[in-house]
Amino acid sequence: MKRVIVGMSGGVDSSVAALLLKKQGYDVIGIFMKYFDNKCPWREDSIDAMLVSQSLKIPFYIIDITKNYKNLIIDYLYKEYKKGYTPNPDIICNSKIKFKFFLEKSIFLKSHFIATGHYVIKKEVNENGKISYKMRSGIDDNKDQSYFLCLLNKVQIKKSIFPLGWLKKKEVREIAKKYNLINANKKDSQGICFIGKRKFLNFLKKKLAQKKGLIIEINKNSHIFKKLLSPNIEYKKEYGQIIGHHIGAHYFTKGQRKGLKIGGYKYPLFVIEKDIKKNILYVGMGKNHPGLYTKVICIKNYNIHWINKKKIKTKTKIKVECRIRYRQNFQKATLYKKNNYFYVEFEIPQLAVNGGQFLVWYLNNEVIGSGLI
């Protein structure tokens, strides 16, 4: 009997994943990872995970990884915002915690696999007698989480099981109700766990000092928007007019509307760019402002992560489908390499693209690779 360690969060997804694996004949062990302090409702979640494990009659353990999480995720978040980026802690957490640290810990329990409640599909492919593993989006378009797993490597995919990939959320809840799991109706977690009920701005203020700076409005008819295919638009103070002040450019992201505290305009103001060194926010009026949209994204070669590079001929252009954020519909684009950069040119300009985000590209629903913008 093969052993599998299931990362149990206390939610319905990971609970049903453990249930399904036990029914399939695996020797299942449930593990809850404590990430943070009392700002996160980890105690309640761990109790739910424990009670589900008891009902399934499987061993259950709690592992405290708060120190690892602080060093790898929380410190990373502060560092990226300080540099002016908009990071995605979930993607880094999956890569460095759930599918790395967790995988390493499973060795001590002599486990063959780890498993999670992610809605993704793992496929085993035999190519000329050689077995390889692919990852594709789950069948539930509204829950597909392949975007969050874009930094997994081949070993991590090989050692992982995703029992929910072929199920829809509604079916998962029905299974939980059928087997009387206590969290069958538990709401999905929202936002970043370790922030809890605090406002994200207050979280950033703990480490990033306030710094008064200028807010400059750029007119939508400015000459700088004439070259829409350019991946880099140069903003300068003299291209617009000063309309107010902010408390720190590192607190804002491109596309943000709230927090500017400037009224009297016909349409809302949005952040279209920020200059961290000069501490300037550039804003534009209305959601159709050209400064909010990006046609071409340029990614440095060393920021590219491949899961299946064989499908990409890097010296030629290839049509792909992309996502810049979770739950975004697939966006048609062309991927090509030039010198030390990869370029992604979209058919339709993309709204609010921020440095620090991850761009993930697919072919026929299969995750091919990703890049840090």
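Fair warning: this is a prediction, and the values are worked out from it, not measured in the lab.

**Student:** Honestly, the side chain of K254 in this entry has me stumped. Any pointers?
**Tutor:** Inspection of the secondary structure puts K254 in the loop between β9 (241-246) and β10 (269-275). Here K254 sits buried without a salt bridge, and the closest side chain of opposite charge, E273, lies 4.7 Å off (N-O distance). One polar contact links the side chain of K254 to the main-chain carbonyl oxygen of G291, over a distance of 3.4 Å. Residues contacting K254, with those up to four places away along its chain left out, are V271, I272, G291, L292, T294, A352, V353 and N354.

**Student:** Before we go on, may I ask you to explain helix α2 (residues 42-56) in this structure?
**Tutor:** Count 3.6 residues to each turn of an α-helix, and residues three or four apart come out pointing the same way. An ideal rise of 1.5 Å per residue puts 21 Å on 15 residues; α2 measures up with 21 Å between its terminal C-alpha atoms. Every buried residue belonging to α2 is among W42, D45, S46, D48, A49, V52, S53 and L56, and all of these are buried. Each buried residue of α2 sits inside an arc of 155 degrees when the element is viewed along its axis, so together they form one side. Phi for K57, located one or two positions after α2, is positive at around 60 degrees.

**Student:** What am I meant to see in the pattern of salt bridges here?
**Tutor:** Opposite charge on two side chains permits pairing when their charged atoms draw close. Tallied over the full model, the rule gives 14 salt bridges. Of the charged contacts, one joins D188 and K143 as a salt bridge, the two residues approaching to 3.4 Å between their closest N and O atoms. Separated by 45 residues along the polypeptide, D188 in the loop between α6 (169-178) and α7 (200-205) and K143 in the loop between β6 (130-137) and α5 (154-158) bring together distant segments of the chain. Assessed through its relative accessible area of 7%, K143 is described here as buried. Across the salt bridge formed by D144 and R323, the nearest N and O atoms sit 2.6 Å from each other. Of this pair, D144 sits in the loop between β6 and α5 while R323 sits in strand β14 (residues 318-323), and the two are 179 residues apart along the sequence.

**Student:** Which parts of the structure should I look at to understand the nonpolar core?
**Tutor:** Most often, soluble globular proteins keep nonpolar side chains buried together rather than apart. Ranked by internal contacts, the top residues of the largest apolar core, which has 52 residues, are Y35, I97, M135 and L260. If you list the elements that add at least two residues to this core, you get β2 (27-34), α3 (66-82), α4 (89-108), β6, α7, β10, β11 (280-285) and β17 (358-363). Top contributing element to this core by residue count: α4, with eight residues. Those residues in contact with Y35 that sit more than four places away from it in its chain are I65, T66, Y69, C93, I97 and K98.

**Student:** Is there a simple way to explain the sheet that holds strand β8 (residues 213-217) in this structure?
**Tutor:** Backbone hydrogen bonds hold the strands of a sheet together, and the pairing may be parallel or antiparallel. If you walk across this open sheet you meet the four strands as β9-β8-β11-β10, and the pairing is mixed. The sheet is open, and its two edges are formed by β9 and β10, each paired on a single side. The sheet shows a mean angle of 30 degrees between the axes of neighbouring strands, taken without regard to direction. The sheet contact formed by β10 and β11 spans six bridges and is antiparallel. In the sheet register, E273 faces β11, and the bridge partner there is Y282.

**Student:** I would appreciate a short explanation of unusual backbone geometry in the present structure.
**Tutor:** Glycine aside, negative phi is the norm for most residues, and most peptide bonds take the trans geometry. The phi torsion at K57 lies on the positive side, around 60 degrees, for a residue other than glycine. Structurally, the position occupied by K57 is in the loop between α2 and β3 (60-64). Taking the relative accessible area as the measure of exposure, K57 reaches 72% and is therefore exposed. The backbone of R327 sits at a positive phi, close to 70 degrees, despite the residue not being glycine.

**Student:** I keep staring at the packing of aromatic side chains and nothing clicks. Help me out?
**Tutor:** For any pair of aromatic rings, the description consists of the separation of the ring centres together with the inter-plane angle of the planes. With the rule as written, the count across this model stands at 15 aromatic pairs. Ring geometry for Y78 and F203: centres 4.8 Å apart, planes at 15 degrees, overall stacked. Here the residue Y78 occupies a position in helix α3, and F203 occupies one in helix α7, the gap between them amounting to 125 residues. Overall, the relative accessible area of 8% leaves Y78 in the buried class. For the pair F330 and Y362, a centre-to-centre distance of 4.7 Å together with 65 degrees between the ring planes defines the contact as edge-to-face. With a gap of 32 residues between them, F330 in the loop between β14 and β15 (331-338) and Y362 in strand β17 connect regions that are remote in the sequence. For Y362, a relative accessible area of 0% puts it in the buried group.

**Student:** What's the story with the side chain of S95 in this structure? I'm lost.
**Tutor:** Structurally, the position occupied by S95 is in helix α4. Aside from chain neighbours lying at most four places away, what touches S95 is K100, L151, L152 and Q156.

**Student:** How do you make sense of the sheet that holds strand β4 (residues 113-115) when you look at a structure like this?
**Tutor:** With parallel pairing, the five strands of this open sheet are ordered in space as β3-β2-β1-β4-β7. On the outer flanks of this sheet lie β3 and β7 (160-161), each paired with one strand and no other. As paired strands, β4 and β7 are joined by two bridges and run parallel to one another. Its bridge partner lying in β7, I114 is registered against S160. Contacts from α4 reach β1 (3-7), β2, β4 and β7, with the element oriented near 140 degrees to β4.

**Student:** What exactly am I supposed to notice about α6 here?
**Tutor:** Considered for burial, the residues of α6 that qualify are K169, V172, R173, I175 and A176. Down the axis of α6, the buried set is contained in an arc of 155 degrees. They therefore lie on one face. Turned more than 90 degrees off the buried face of α6, the exposed positions are K170 and K178. Of the surrounding elements, those touching the buried residues of α6 are α1 (12-23). Two residues or fewer after α6 comes N180, characterised by a positive phi angle close to 55 degrees.

Thresholds, definitions, all that
Residues numbered from 1 in each chain as written. Predicted model: local features only at pLDDT ≥ 70, side-chain atom pairs only at ≥ 80, totals over all residues. Heavy atoms only, no water. Helix = DSSP H or I, 4+ residues; strand = E, 2+ residues; numbered from the N terminus. Buried < 20%, exposed > 50% of the residue type's maximum accessible area, 1.4 Å probe, protein only. Lys, Arg positive; Asp, Glu negative; His and termini not counted. Salt bridge = Lys/Arg side-chain N within 4 Å of Asp/Glu carboxyl O. Polar contact = N/O pair within 3.5 Å; in protein donor to acceptor, adjacent residues only side chain to side chain. Contact = heavy atoms within 4.5 Å. Expected span 1.5 Å × (residues − 1). Arc of directions from axis to C-beta. Core = buried A, V, L, I, M, F, W, Y, C linked by side-chain atoms within 4.5 Å. Pairing = 2+ DSSP bridges. Axes fitted to C-alpha atoms, helices over the stretch in contact; angles between N-to-C directions. Phe/Tyr/Trp six-rings, centres within 6.5 Å; stacked < 30°, edge-to-face > 60°.

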